[in-house]
Amino acid sequence: MRPFGRAEPLRVPTTTGSSGAEAKPRPTDRPILLLSVQRGTLSIELDAPFVVGPLVVDELAIALPSVRFPVDLTGGVTRFRHRRGVLGRLAVSARTEDLAAFVAPRARGVLGEGTPEIGIVATELGLRVGMRLGRAALAFDVVIAPNERDVRLVPERARGVGLGAPPHVLALRALAEVCRPFGRLAGSAVILPDAVASLVRHVMPAAGARAPSVHGARWEAPAAEEGSLSLRADATASPPALAAAAIRAIEQAELTAEADAIAAAGDLEEARRRYLLALERAPRHPEISSRIAWIDVAEGERAEAALSTLVDAIPAIDAGLLGGALLAAIGDEGGAIAAYARAAHAEAFGPLAALVWLEVARISSELATRLDALDQAVVRSPSLEDARWARIEARLDVGDAQGARADAEHLEAAARGPEARHRIWSRAADAFLSRSYVAEARVLFERALRYAPDSPEAALGLALSLRAAGEGRRALDLLARAASLAARAGRTLPSVEIELARALVEYASDRPAAIARVRAIPPGLLQTAEARALEGRWRAELGDLAGASLALARLREAAEAVSPDDPDRAAAVAAMLVEAADIEENARGDLRAAQRHLSVAIRLRPRDRQIGAAFRRIATELGRVAPAPPLQAAPPPAPIEEITPSDRAPSFTPPAPTVESVRPLDEGPMVDEDDGENDEILVERLTDKLRANPHDHEVALHLADALARLGRDLELFALLSARIEEGGEDVRRELWPRRRAVLERLAETARAEGRPSEAELYEMMAASEED
């Protein structure tokens, strides 16, 4: 026997070789145990570290106090494995790389449908966690606070961009999901109950031995090393001496436990109320104030309230991502950029810092600031594709084609497989071509075709490059090949058909073949409106005015599906409708058809002065050419057959029902509405007032009443449509009955004047109002 003291413990291996020397541990799927005698006590210990999920059990010592010496150790652990011992010490560690690999698949659904990119760093308090999926990123700290045999995991300092919920809520949900089924969410923390017992109950039975008693064992404070984190439990350990920051985190968790639990369950409004109650108990608490502000940001349209709550506890410019988001929401570009820049420089998780720099580039109005922010984004996360693409576009905007191509080559080097490389070069070539780098775009499209020679999209891009370079004949051949490739694959690419049709007109003067191409584009696509506009233009050039009118009517139907909320598309389609109105007016002399096109254009661009002026001019011309017959000057309301047609001239002034006088919104004299001429004046005044303040709903209602009295139904329809599109649900419920009545009058007038197709269109729209 060795004496007590510093002597090394006696190790008795479970198996021995023929020479009696200690056998080396061999890789196994179960823990290997050995006997150890130290200071007169027999113990069972691990012979080598044993992996449990992302953890490594480095040490495990179980004392057998019931065994008295002298004792026969023949047979090793097998002889004592059924005895119940007492846990002496337990040490576990985890490499951050292993933790990240373990967490990634379990974090699916936190930021989106895919598996996020995970980054984990060990700190003196626990862990620093970051995750990114697409343009969404979340980062938070995890304070590991042992409590006797339990382990508490407290998330704090949660922050992120592109999230659909407050960051702290997502951090709690992510932590709970990763620890399932061993951990449970309890207020502001995830608890691993009796983690000591759980570990030894997993290790010892796997080794074929009995689990020991863990009475008296308690965890010590965590210890961090570079790339790993370790925890020790010992039967003789004192209560853990936690760092001051860990104690603050625990106190904060107790303050917000109730509110955090409600927020994690999804009731953000009730959680906000509970946070406010907690803020009364701990006034100007920075973290509580931040969580309230994050809820306001997530709910939307509460930037002022969130900023007011935040600045009571901390200056907005020092509030990191939250401060930057709030300052950007209220239009303080300089303050938002300063707050974002501070947060990005201080952020340890590279992908999140890169996305913050992308936010700086997005809100910055100065090109130099934008380029610097994009450079910072690429430095912080070189593998982030969004940063590279944003810098490619910015470099092209300032004429740095060489730098943009270098970024594209970096993306190609990082891509795997021909499909990914084809996608990168096609997108890069589109960016070059859209900024008129014709020669460079041609080279890049050829490079894209190298990886996918049968791609009709790449062939289309190369053809557009050739056409821009003046090689129209070659472009026409390539466009025909692109169409052939698409047909061979059983696909119809509207963009290919439209560009081929344009080339047939421009270089072959073959309008019939071009019309056949665009007619093949079915309804319901983004390119449908453009196809119908081109068909109408080319039919009019061929002299087929009836066919042109039919194609332009289909253009108008396609335009009805376009939302004014998409300004670029609405502007493009409105321009097509203006051209259609010009064809109807000047080529066919059909002012009513022209007015119908312009009425839809007004719906798409209600504040476009040129469209409005064209509409009023057409209405005036209609009144001069075919004024409506005067009405009987009788006070009772006219039956529906006598309602003024929609295309009555603005100068026509039928009698209006007798009502109380209406005062104009300025301080002018009272206007007697029994006088039709005064209604005309009232319409002009109210129109000017509405242009000055488009959000004045009362003025809009007065203008609608005046237009209804004058029988100017098309203008009334355009006004009501614009108000419904821009208003909320209450405005829609208020104005839908009026718009339905206008549509019914327009349908009645169109049918009475021999325009059944137009009447059916109005009736269909009125029926959709009822649905």
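It should be noted that the structure appears before, not after, this text.
Positions within a chain are numbered from 1, following the residues in the order the chain's sequence is written. Owing to the predicted nature of the model, reporting of local features is limited to residues with pLDDT of at least 70; listing and counting of side-chain atom pairs is limited to 80 or more, with chain, interface and lining totals taken over all residues. Calculated side-chain values reflect all of the structure's heavy atoms, with hydrogen atoms and water omitted.

Caption draft 1: How the structure looks around the overall build of the protein. In this description a helix means any DSSP run of H or I spanning at least four residues, a strand means any run of E spanning at least two, and both kinds are numbered starting from the N terminus. Scanning the protein from terminus to terminus reveals 30 helices and 15 strands. Here the protein holds 771 residues, and 49% of them are scored as buried. The buried label applies to any residue whose accessible area, calculated with a 1.4 Å probe on protein chains only, is under 20% of its type's maximum; exposed applies above 50%, and partly exposed to all values in between.

Caption draft 2: Structural context of the packing of helix H11 (residues 350-363) against helix H12 (residues 367-380). Note on method: axes are straight lines fitted to C-alpha atoms, helices fitted across the in-contact stretch only, with angles between N-to-C directions ranging 0 to 180 degrees. In contact at an axis separation of 8 Å, H11 and H12 are set at 170° when each is read in the N-to-C sense. Classed by the angle they form, the pair H11 and H12 counts as roughly antiparallel. Facing Gly-350, Ala-353, Ala-354, Trp-357, Leu-358, Val-360 and Ala-361 of H11, the residues of H12 in contact are Thr-369, Arg-370, Ala-373, Leu-374, Gln-376, Ala-377 and Arg-380. The nonpolar class holds Ala, Val, Leu, Ile, Met, Phe, Trp, Tyr, Cys and Pro. Asp, Glu, Lys and Arg form the charged class, and all remaining residues, Gly among them, are polar. Split into classes, the residues belonging to the contact of H11 with H12 amount to 9 nonpolar, 3 polar and 2 charged. An angle below 35 degrees is read as roughly parallel, one above 145 as roughly antiparallel, one from 65 to 115 as roughly perpendicular, and any other as oblique. For this analysis, residues touch if any pair of their heavy atoms sits within 4.5 Å.

Caption draft 3: Region of the structure containing the packing of aromatic side chains. Pairing of aromatic rings covers Phe, Tyr and Trp, the last counted by its six-membered ring, and requires centre-to-centre distances within 6.5 Å; plane angles under 30 degrees mean stacked, over 60 mean edge-to-face, and any other angle means tilted. If you walk through the whole model with that rule in mind, you get 1 aromatic pair. Pairing Phe-432 with Tyr-437 gives two aromatic rings, centres 5.8 Å apart and planes at 70°, and the pair type is edge-to-face. The class for Phe-432 is buried, based on a relative accessible area of 1%. Classification of Tyr-437 by relative accessible area gives buried; the value is 17%. The cationic tip of Arg-106 hangs over the ring face of Phe-102; the distance from NZ or CZ to the ring centre is 3.8 Å. By definition, being over a ring means that NZ of Lys or CZ of Arg is both within 6 Å of the ring centre and within 35 degrees of the ring normal.

Caption draft 4: The layout of surface pockets, seen in detail. Cavities and pockets are defined on a 1 Å grid built over the protein atoms alone: a cavity is a set of grid points where a 1.4 Å probe fits but cannot escape, while a pocket is an open set with protein on both sides within 12 Å along at least five of seven lines, and lining residues are those with an atom within 4 Å of any such point. Grid points are joined across faces, edges and corners, and a volume is the space filled by probe spheres set on the points. Taken as a whole, the largest pocket holds about 950 Å³ of empty space. The wall of the largest pocket is formed by 36 residues, among which Pro-54, Leu-55, Leu-99, Cys-179 and Leu-192 lie closest to the centre. Where the lining of the largest pocket is concerned, the elements lending two or more residues are strand E6 (86-95), helix H2 (96-106), strand E8 (126-133), strand E9 (136-147), strand E10 (150-161), helix H3 (167-179), helix H4 (195-206) and strand E15 (228-234). A class-by-class count of the residues in the lining of the largest pocket yields 29 nonpolar, 5 polar and 2 charged.

Caption draft 5: Representation of the pairing of E9 in the model. Where burial is concerned, most of E9 is hidden: 11 out of the 12 residues are buried. In the sheet, E8 pairs with E9 via 8 bridges, with the strands oriented antiparallel. The partner of Gly-126 across the bridge, within E9, is Val-143. Taking the residues between adjacent antiparallel strands as the criterion, E8 and E9 are bridged by 2 residues, where Gly-134 takes a positive phi near 65°. Where E9 meets E10, 10 bridges bridge the pair, whose relative direction is antiparallel. In the strand pairing of E10, Leu-138 is matched with Gly-160. In textbook terms, the turn of a hairpin is the stretch between consecutive antiparallel strands, and for E9 and E10 this stretch comprises 2 residues, one of which, Glu-148, has a positive phi near 55°. Note: two strands are recorded as paired if DSSP finds a minimum of 2 bridges between them.

Caption draft 6: Focus on the sheet that holds strand E7 (residues 117-122). Here we have 6 strands laid out as an open sheet, ordered E7-E8-E9-E10-E12-E11, and antiparallel in their pairing. Each edge of the sheet is formed by a strand with only one pairing partner; in this case those strands are E7 and strand E11 (184-186). Strand-to-strand twist across the sheet, computed as the mean angle between neighbouring axes with direction ignored, equals 25°. Pairing geometry for E11 and strand E12 (residues 189-192), over 3 bridges, is antiparallel. Considered in E12, the bridge of Arg-184 is made with Ile-191. Against the sheet, H11 makes contact with E7, E8, E9 and E10, and its axis sits at roughly 25° relative to E10, the strand it touches most.

Caption draft 7: Just the pattern of salt bridges, in detail. In the sections that follow, a salt bridge refers to a side-chain nitrogen of Lys or Arg positioned within 4 Å of a carboxyl oxygen of Asp or Glu. Per the counting criterion, the structure on display carries 58 salt bridges. In this structure, the salt-bridge partner of Arg-274 is Glu-258, at a minimum N-O distance of 2.0 Å. In this pair, Arg-274 is assigned in helix H6 (residues 268-281) and Glu-258 in helix H5 (residues 244-265), connecting sequence segments 16 residues apart.

Caption draft 8: Representation of the nonpolar core. To qualify as a nonpolar core, a set must consist of buried Ala, Val, Leu, Ile, Met, Phe, Trp, Tyr and Cys residues joined through side-chain atoms within 4.5 Å. Core analysis: the biggest nonpolar cluster contains 63 residues, and Leu-60, Leu-87, Leu-90, Leu-127, Met-131 and Trp-219 have the highest contact counts within it. Grouped together as the second largest cluster of nonpolar side chains are 55 residues, Ala-581, Leu-686, Phe-717 and Leu-743 included.

Caption draft 9: Spotlight on the pairing of E10. The buried fraction of E10 amounts to 9 of the 12 residues, a majority that puts the element mostly inside the structure. With 3 bridges joining them, E10 and E12 adopt antiparallel strand pairing. When the bridges of E12 are listed, Leu-153 appears paired with Val-190.

Caption draft 10: Spotlight on the environment of Glu-471. In this structure, Glu-471 sits in the loop between helix H17 (456-468) and helix H18 (472-488). With relative accessibility at 25%, the residue Glu-471 sits in the partly exposed group. In contact with Glu-471, not counting residues within four places along its chain, are Arg-442 and Leu-466. Side-chain atoms alone can form a polar contact between residues adjacent in sequence; in general such a contact is a pair of N or O atoms within 3.5 Å, and within protein one must be able to donate a hydrogen while the other accepts it. Side-chain polar atoms of Glu-471 contact the side chain of Arg-474, separated by 3.3 Å.

Caption draft 11: Unusual backbone geometry, seen in detail. Of note, the bond from Arg-180 into Pro-181 is cis; its omega dihedral lies within 30 degrees of zero at 5°. Inspection of the secondary structure puts Pro-181 in the loop between H3 and E11. If you check the backbone angles, Arg-284 has positive phi at about 60° while not being a glycine. Residue Arg-284 is classed as exposed on the basis of its relative accessible area of 62%.

Caption draft 12: Representation of the environment of Glu-680 in the model. As for its placement among the helices and strands, Glu-680 is situated in helix H26 (residues 676-692). Separated by 27 residues in sequence, Glu-680 and Leu-707 have C-alpha atoms that sit 8.7 Å apart.

Caption draft 13: Structural view of helix H10 (residues 333-346). Multiply 1.5 Å by the residue count of a helix minus one, and that product is the helix's expected span. Here H10 spans 20 Å end to end across 14 residues, near enough to the 20 Å set by a 1.5 Å rise per residue. When H10 is considered as a whole, its buried residues turn out to be Gly-335, Ala-336, Ile-337, Ala-339, Tyr-340, Ala-341, Ala-343 and Ala-344. Where H10 is buried, its residues meet helix H9 (320-329), H11 and H12.

Caption draft 14: The arrangement of the environment of Pro-315 in detail. Mapped onto the elements of the fold, Pro-315 is located in the loop between helix H8 (303-311) and H9. Counting along the chain gives 24 residues from Pro-315 to Ala-339, while the straight-line C-alpha distance between them is 9.8 Å.

Caption draft 15: Region of interest: H12. With 14 residues, H12 ought to run about 20 Å at 1.5 Å a step, and its terminal C-alpha atoms sit 20 Å apart, in line with that. Taken residue by residue, H12 has Ala-373, Leu-374, Ala-377 and Val-378 as its buried positions. What you see down the axis of H12 is that its buried residues fit within an arc of 140°, all on one side. With respect to the buried face of H12, the exposed residues turned more than 90 degrees away are Ala-368 and Val-379. The directions considered for the arc are those from the helix axis to the C-beta atoms.

Caption draft 16: Local environment of the packing of H17 against H18. Packing of H17 against H18 leaves a shortest axis separation of 8 Å and a crossing angle of 170°. As judged from the angle between their axes, H17 and H18 are roughly antiparallel. Here H17 runs over H18; the crossing is left-handed. Contacts between H17 and H18 pair Pro-456, Ala-459, Leu-460, Leu-462, Ala-463, Leu-466 and Arg-467 from the former with Arg-474, Ala-475, Leu-478, Leu-479, Arg-481, Ala-482, Leu-485 and Ala-486 from the latter. Residue classes in the contact of H17 with H18 are distributed as 12 nonpolar, no polar and 3 charged. In this scheme, a crossing is called left-handed if the near helix is turned counterclockwise away from the far one by less than a right angle; it is called right-handed if the turn is clockwise.

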